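# Examination of the molecular architecture
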Amino acid sequence: MTTTTAVKETVGTTAPGAAHTPRRTGRLRRIGLPYLLLLPALLLELLVHLVPMVIGVVMSFKELTQFYIRDWGSAPWSGLGNYKVSVDFDAPVGEALLHSFFVTVGFTLLSVGLCWLIGTTAAIYMQDTFRGRGLLRALFLVPYALPVYTAVITWVFMFQHDNGLVNHVLHDQLHLTDKPSFWLIGDNSFVALLVVSVWKGWPFAFLIIMAGLQNIPRELYEAAALDGAGMWQQIRRITLPSLRPVNQVLVLVLFLWTFNDFNTPYVLFGRAAPEAADLISVHIYQASFVTWNFGTGSAMSVLLLLFLLVVTGAYLLLTSRGRRTSDV
């Protein structure tokens, strides 16, 4: 009896622990499986983005010119010399970088503002039911669906001085100008770049705002209409406050895309962008691959990265505080 009782007590005490062991193993497998599936993507992200970023930071501390391209590891260290040259706004290099920065800031603010305004207006207009709405929605998304190079090259032909469509309409048909304008050189190049950027970017804002409008209950508009609220009051009191979270993300994404845009000015103007449209992305490209001073170009890229990180952090901090204040 004593032996039987001891065996029963042993079985009774060890059975719960033995039962929990497979459960814990299964739980660990379930938790670790998603991370295991993400591992190839994380490794690819490390190779494609983080490794070149680290190499660029290292290059910014070297005197890397055309004489060391074959073996850039042997280039002498310059410390903060490239950064001092970039931020010396009294010298030609720093003055040109500062001018490019101001041009990029003005271009980004105008482009993001116009993209948001046109996209929001079109999305609100498309909420009403009318014949041909589906076709019009598809046409609105054509600029966003076209490849960047195809769309910008088309605009290059349209901006031609002698036989371009823009001068033909403005000068020959509407008689708004005294003579055909040069759109790809001089001060007009900023306007041309802004037009192409807005034409290419506003369908994205339209798509995001239109998706956000689907989450606003129609009952709110019906109740506001019964209370006598007009269209502008409904937009101000219902639509815009309801779209605030969507707009916060949309504006940030448009800002980052536009500020870093390289394809549009490069295809539109080529290597040598006009002074009025000298965006900082093209300016860094010229400093690196035209003058063959990769150390200074890398330093400019690191400074641009730090600026965007500071702006993004400040924007997220301000928007999060505003959201908390509105919730209270």
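In what follows, the structure referred to is the one given above.
Residue indices begin from 1 for each chain and proceed along its sequence in written order. Thresholds applied to this predicted model are a pLDDT of at least 70 for local features of residues and 80 or more for the giving and counting of side-chain atom pairs; totals over whole chains, interfaces and linings are not thresholded and use all residues. Hydrogen atoms and water are omitted, and side-chain values are computed over all heavy atoms in the structure.

Right, let's get into unusual backbone geometry. The backbone phi angle of His175 is positive, close to 55 degrees, even though this residue is not glycine. Among the structural elements, His175 can be located in the loop between α7 (165–173) and α8 (188–213). With a phi close to 60 degrees, Trp292 is a non-glycine residue in the positive phi region. By the criteria applied, helices consist of DSSP H or I runs no shorter than four residues and strands consist of E runs no shorter than two, each listed in order from the N terminus. Relative to the helices and strands, Trp292 is located in the loop between α13 (280–290) and α14 (294–327).

Below, the discussion takes up the packing of aromatic side chains. For Phe, Tyr and Trp, where Trp contributes only its six-membered ring, two rings pair if their centres lie within 6.5 Å, and the inter-plane angle classes them as stacked under 30 degrees, edge-to-face over 60, or tilted in between. Counted under the stated rule, the structure contains 22 aromatic pairs. With a centroid separation of 5.4 Å and an interplanar angle of 55 degrees, the aromatic rings of Phe262 and Tyr285 are classed as tilted. Taken as a pair, Phe262 in the loop between α11 (244–259) and α12 (263–269) and Tyr285 in helix α13 lie far apart in primary sequence, 23 residues in all. With 5.5 Å between their ring centres and 75 degrees between their planes, Tyr266 and Tyr285 make a pair best called edge-to-face. A residue pair is termed long-range when its members are at least 10 positions apart, and Tyr266 in helix α12 and Tyr285 in helix α13 qualify at 19 residues. Only protein chains enter the calculation, and the probe is 1.4 Å; a residue is then buried if its accessible area is under 20% of its type maximum, exposed if over 50%, and partly exposed in between. Using a relative accessible area of 17% as the deciding quantity, one classes Tyr285 as buried.

Here we take up helix α10 (residues 231–242). One less than the residue count of a helix, multiplied by 1.5 Å, gives the span that helix is expected to have. For α10, built from 12 residues, the straight-helix expectation of 16 Å at 1.5 Å per residue is met to within 8% by its first-to-last C-alpha distance of 15 Å. Note on contacts: a residue pair is in contact if any heavy atoms of the two residues lie within 4.5 Å. Considering only its buried residues, α10 is in contact with α3 (92–125), α8 and α9 (218–226).

Our focus in this paragraph is α11. Here α11 is 16 residues long and its end C-alpha atoms lie 22 Å apart, about the 22 Å a rise of 1.5 Å per residue gives. Of all the positions in α11, only Asn247, Gln248, Leu250, Leu252, Leu254, Phe255, Thr258 and Phe259 are classed as buried.

Here, nonpolar core means buried Ala, Val, Leu, Ile, Met, Phe, Trp, Tyr and Cys residues that are tied together by side-chain atoms lying within 4.5 Å of each other. Counting residues in hydrophobic clusters, the biggest one holds 41 residues, and the most contacted among them are Phe159, Leu193, Phe206, Leu254 and Leu268. Broken down by element, this core gets its largest block of residues, 13 residues, from α8. The residues contacting Leu268, other than those within four sequence positions of it, are Val152, Val156, Leu184, Ala192, Leu193 and Val196. By size, the runner-up hydrophobic cluster in this structure holds 9 residues, among which are Ile284, Met300, Leu304 and Leu308.

Relative to the elements of secondary structure, Asp278 occurs in the loop between α12 and α13. Take Asp278: its relative accessible area is 9%, and that puts it in the buried class. Taking the C-alpha atoms as reference points, Asp278 and Phe102, separated by 176 residues in sequence, lie 9.6 Å from one another. Filtering out sequence-adjacent residues up to four positions away, Asp278 remains in contact with Ser100, Val103, Thr104, Ala273, His283 and Gln286. Within 3.5 Å is the distance limit for a polar contact, defined as a pair of N or O atoms, with the added protein rule that one can donate a hydrogen and the other accept it, and that residues adjacent in sequence qualify only through two side-chain atoms. In this structure the side chain of Asp278 is engaged in a polar contact, spanning 3.1 Å, whose partner is the side chain of His283.

Time to look at the side chain of Lys200. Mapped onto the elements, Lys200 comes out in helix α8. Only four residue types enter the charge count: Lys and Arg as positive, Asp and Glu as negative, with His and the chain ends excluded. The salt bridge criterion pairs a side-chain nitrogen of Lys or Arg with a carboxyl oxygen of Asp or Glu, the two atoms within 4 Å. Although buried, Lys200 forms no salt bridge, and the nearest oppositely charged side chain, Asp261, lies 4.1 Å from it. Residues within four places of Lys200 in sequence aside, it is in contact with Pro143, Tyr144, Val148, Asp261 and Thr264.

Before going further, it helps to spend a moment on the packing of α3 against α11. Between N-to-C directions, angles cover 0 to 180 degrees, with each direction set by a line fitted to C-alpha atoms, over the stretch in contact for helices. Between α3 and α11, the shortest axis-to-axis distance is 9 Å and the interhelical angle comes to 140 degrees. Put simply, α3 runs oblique to α11. The way α3 lies across α11 gives a crossing that is right-handed. In this structure, α3 uses Phe101, Thr104, Val105, Phe107, Thr108, Ser111, Val112, Cys115 and Trp116 to contact α11, whose residues at the interface are Asn247, Leu250, Val251, Leu254, Phe255, Thr258 and Phe259. Note on angle classes: values under 35 degrees are labelled roughly parallel, values over 145 roughly antiparallel, values of 65 to 115 roughly perpendicular, and the remainder oblique. Two helices cross in a left-handed way if the nearer one is turned anticlockwise from the farther one by less than a right angle. They cross in a right-handed way if the turn is clockwise.

Everything listed here is a matter of geometry and, on its own, says nothing about what the molecule does.
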